[in-house]
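Structural features, examined
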Amino acid sequence: MGRSYIVEEAVEGYLTKQCEQKAGPVTGLLIGQSSTQREFVVTATRTPQREEPLAAGDSPDKQWVTEHARQVSRMLPGGLSVLGVFIVTDIDAKDSLATLRKLVFAVENLISSERLWNPADDDVTDCVALHVNPKTRKTFCRTFDIKDPKQSVAKPADWKYQSGVCSSWSTVSCSLSVDMLVPLPDDRTDLEDMDKCLKEGLKVWAHQLESAVCLIDGRKLSEDMELVGGQKRNVRQTYTAQLLITPDERRATDVVQRCGGSVSVRGAIHSRAYLHSNKPKAKLAEKLLKRDAVSTVATRAQMLLEELLTSDGESKGSGRDRPQRGTHNELFCLPHRIFCPVKASGPVCVCDYHFSDEGLSVVTDRLKEMLDIDAAEKDLDTRQETPAEVLEGEAAAEPTVETIEALEPKRNRYIGVAMATVVAFLATAASMLYLNDV
């Protein structure tokens with residue numbers, strides 16, 4: 001027997017709306033949460049149209065679809081993920097299966113390449129491919145096991161619509177202090193090298209976080225203990241968690257190395273995860289919350305580096321020179337996290353990342369483009385994180401941010417021959433990147 005997909009009824013209306021499009025085939029993403037027993041689909045979003053829409057009969061642009069999936073994946077808090085793809089076309093469902101298979105594996109490969117956490121043995125590895133006929137409105141649902149691309153075959157799946165799929169989902173959240181130091185190899189380090197170094201440093205931190213102690217409402221729960229708050233329909237439960245990371249006790253000599261500088265990430269983040277109502281356990285809450293914490297830090301750092309790469313390219317094209325390493329200080333603010341509810345889907349929210357020099361309209365525009373959500377600025381939850389502030393003068397070397405009071409983790413400062421230092425600040429809601437060349 002194949003997997004069962006419980007789908008929010010609003011998704012049925014959304015797919016019906018896509019059937020009314022007169023352009024070529026419509027592709028999109030299915031978003032929700034997996035469990036060992038069944039899958040929950042809470043929303044769907046079509047791939048943004050290109051300037052020249054596809055003609056009827058043309059194959060979808062795989063690169064365009066996968067890049068959309070990568071951007072959407074960044075906007076999903078813990079507990080939400082891209083479960084698969086859909087296509088609306090009058091081409092026979094069986095003839096479209098090969099196209100859907102290519103899209104499913106391409107999407108999963110790109111998204112998984114950005115993950116810094118290790119998959120667990122109980123992770124579901126099936127992804128869904130849905131075909132919708134715009135004339136008959138019939139659906140054809142199959143799954144592929146992305147763990148084995150060569151041997152994976154299409155398996156039938158049950159697709160059922162239901163109201164209030166996530167109306168009783170529980171929410172677990174925490175504020176997490178971050179303080180990590182990543183060495184840069186030499187004084188010729190460019191932004192591409194910095195990206196690699198930062199990713200490696202984040203992997204080390206992610207490994208530390210994986211072994212952190214998780215307290216839920218102040219208690220260490222056994223892994224198999226059920227979170228009973230969301231068992232009753234339309235009854236939601238919110239949990240407050242703490243992630244306690246054990247300091248790295250390696251000796252100073254173990255971490256001494258010659259380098260051209262360092263990247264330091266400091267501050268705090270708001271992490272959040274949603275749990276399905278089918279008897280969720282403490283183990284699931286801990287896993288999803290930790291993964292969200294890793295993903296949100298990595299996303300912010302990556303977004304800033306993408307911005308710097310773009311501006312660096314523009315500087316080279318215009319003949320302007322960036323300051324030389326070893327001669328300047330730079331301080332950058334990373335984006336802070338903003339949440340927006342998914343319409344008709346209970347307590348579940350998606351998120352976006354807001355730079356301090358942007359207006360909130362930029363966030364609503366991105367939500368519309370990436371997730372096809374019509375959100376007004378008043379719908380945005382900006383309270384969870386407070387933007388960082390860049391301070392003038394010497395204070396900029398040690399930025400301060402409004403955040404909860406927390407003990408500063410121990411960090412070894414024995415880094416040899418520092419030529420440049422980059423500090424990324426994450427506040428209870430904010431982030432900063434500080435570059436200091438000495």
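In the block above lies the structure referred to throughout.
For every chain, the first residue of its written sequence is number 1, and the numbers climb from 1 along that sequence. For this predicted model, a pLDDT threshold of at least 70 governs which residues receive local features, and a threshold of 80 or more governs which side-chain atom pairs are given and counted, while totals over whole chains, interfaces and linings are taken from all residues. Neither water nor hydrogens contribute to the side-chain values; these are computed over all heavy atoms in the structure.

Each disulfide consists of one covalent bond between the sulfur atoms belonging to two cysteines. Disulfide: a pair of cysteine sulfur atoms within 2.5 Å of each other. Per the counting criterion, the structure on display carries 0 disulfides. In this structure Cys 214 is not part of a disulfide, and its nearest cysteine sulfur, from Cys 174, lies 7.5 Å away. Accessibility here uses a 1.4 Å probe with only protein chains present; expressed as a share of the type maximum, an area under 20% marks a residue as buried, one over 50% as exposed, and anything in between as partly exposed. The buried category is assigned to Cys 214, whose relative accessible area is 4%.

Another aspect to go through is the pairing of strand 1 (residues 4–8). Strands are runs of DSSP state E lasting at least 2 residues, helices are runs of H or I lasting at least 4, and numbering of each runs from the N terminus. Here strand 1 lies mainly inside the structure; 5 of its 5 residues are buried. Residue alternation in strand 1 divides its side chains into two sets, Ser 4, Ile 6 and Glu 8 and Tyr 5 and Val 7, and both sets are buried. For two strands to be treated as a pair, DSSP must find no fewer than two bridges joining them. Of the strand pairs in this sheet, strand 1 and strand 8 (residues 158–162) are connected by 5 bridges, and their pairing is parallel. Bridged to Val 7 within strand 8 is Tyr 161. By the bridge criterion, 3 bridges tie strand 1 to strand 3 (residues 39–46) in an arrangement that is parallel. Bridged to Val 7 within strand 3 is Val 41.

Turning to the environment of Lys 199, a few remarks are in order. Summarising the element assignment, Lys 199 is placed in helix 4 (residues 191–210). Residues Lys 199 and Val 182 lie 17 residues apart in sequence; the distance between their C-alpha atoms is 9.3 Å. Those residues in contact with Lys 199, other than ones at most four positions away along the chain, are Ser 113 and Leu 116. Residue contacts are defined here by distance: any two heavy atoms, one from each residue, within 4.5 Å place the two residues in contact.

Attention shifts here to the sheet that holds strand 6 (residues 139–145). Reading across the sheet, the 8 strands line up as 7-6-5-4-2-3-1-8 and stay open at both edges, with mixed pairing between neighbours. For this open sheet the edge positions go to strand 7 (155–156) and strand 8, each flanked by a neighbour on one side alone. Across 7 bridges, the pairing between strand 2 (residues 26–34) and strand 3 is antiparallel. Note on strand 3: the bridge partner recorded for Leu 29 is Thr 45. The convention used is that axes are lines fitted to C-alpha atoms, helices contributing only their stretch in contact, and that angles between N-to-C directions extend from 0 to 180 degrees. Against the sheet, helix 2 (residues 62–74) touches strand 2, strand 3 and strand 4 (81–88), its axis set at about 35° to strand 2.

Another aspect to go through is the environment of Thr 66. By secondary structure assignment, the location of Thr 66 is in helix 2. Through-space distance from the C-alpha of Thr 66 to that of Val 104 is 8.9 Å; in sequence the pair is 38 residues apart. If sequence neighbours within four positions are ignored, Thr 66 has contacts with Ala 106, Val 107 and Leu 110. Definition of a polar contact: a pair of N or O atoms within 3.5 Å, with one able to donate and the other able to accept a hydrogen when the atoms are protein atoms, and with sequence-neighbouring residues admitted only if both atoms are side-chain atoms. In this structure the side chain of Thr 66 is engaged in a polar contact, spanning 3.0 Å, whose partner is the backbone oxygen of Gln 63.

Within an α-helix, residues lying three or four positions from one another point in the same direction, as the helix has 3.6 residues per turn. Here the expected span of a helix is defined as 1.5 Å times the quantity of residues minus one. With 21 residues, helix 3 (residues 93–113) ought to run about 30 Å at 1.5 Å a step, and its terminal C-alpha atoms sit 30 Å apart, in line with that. Two axes are fitted around each residue, one to the seven residues ending there and one to the seven starting there, and the angle between them is reported as the bend at that residue. Along its length, helix 3 shows its largest kink, about 30°, at Thr 99. Along helix 3, the residues classified as buried are Ala 93, Ser 96, Leu 97, Leu 100, Leu 103, Val 104, Phe 105, Ala 106, Val 107, Glu 108 and Ile 111. Contact partners of the buried residues in helix 3: strand 2, helix 2, strand 4, strand 5 (126–132) and strand 6. The backbone nitrogen of Lys 94 has a side-chain oxygen 3.0 Å away, supplied by the residue at the start of helix 3, namely Asp 92.

At Arg 137, a residue that is not glycine, the phi angle is positive and equals roughly 65°. Along the polypeptide, Arg 137 turns up in the loop between strand 5 and strand 6. Not every positive phi belongs to a glycine, and Asp 372 is a case in point at roughly 55°.

Now for the pattern of salt bridges. Each salt bridge in this description consists of a side-chain nitrogen of Lys or Arg and a carboxyl oxygen of Asp or Glu lying within 4 Å of one another. Summed over the entire model, instances satisfying the criterion amount to 25 salt bridges. Between Lys 160 and Asp 158 there is a salt bridge, and its shortest N-O distance comes to 3.5 Å. Judged by its relative accessible area of 45%, Lys 160 is partly exposed. We note a salt bridge from Asp 292 to Arg 337, for which the minimum N-O separation is 2.8 Å. Within this pair, whereas Asp 292 is found in helix 6 (residues 282–318), its partner Arg 337 is found in strand 14 (residues 336–341), the two being separated by 45 residues in sequence.

This brings us to the pairing of strand 6. Counting buried residues in strand 6 gives 5 out of 7 residues, a clear majority hidden from the surface. Where strand 6 meets strand 7, 2 bridges bridge the pair, whose relative direction is antiparallel. Paired with Thr 143 across the two strands is Lys 155, which belongs to strand 7.

Attention now goes to helix 1 (residues 9–19). Those residues of helix 1 that fall on the buried side of the exposure criterion are Val 11, Tyr 14, Leu 15, Gln 18 and Cys 19. The arc enclosing the buried residues of helix 1, seen along the axis, measures out at 150°, which places them on a common side. Note that the arc is computed from the directions linking the helix axis to the C-beta atoms.

What follows deals with the packing of aromatic side chains. Two rings from Phe, Tyr or Trp (for Trp, the six-membered ring) form a pair when their centres sit within 6.5 Å of each other. Planes less than 30 degrees apart are called stacked, planes more than 60 degrees apart edge-to-face, and all others tilted. In total, this model carries 4 aromatic pairs according to the counting rule given. Aromatic rings pair up to connect Tyr 5, Trp 159 and Tyr 161 into one cluster. Directly above the aromatic system of Phe 339 lies the positively charged group of Arg 272, at a separation of 3.8 Å from the ring centroid. Any Lys NZ or Arg CZ found within 6 Å of a ring centre and within 35 degrees of that ring's normal is scored as a charge over the ring.

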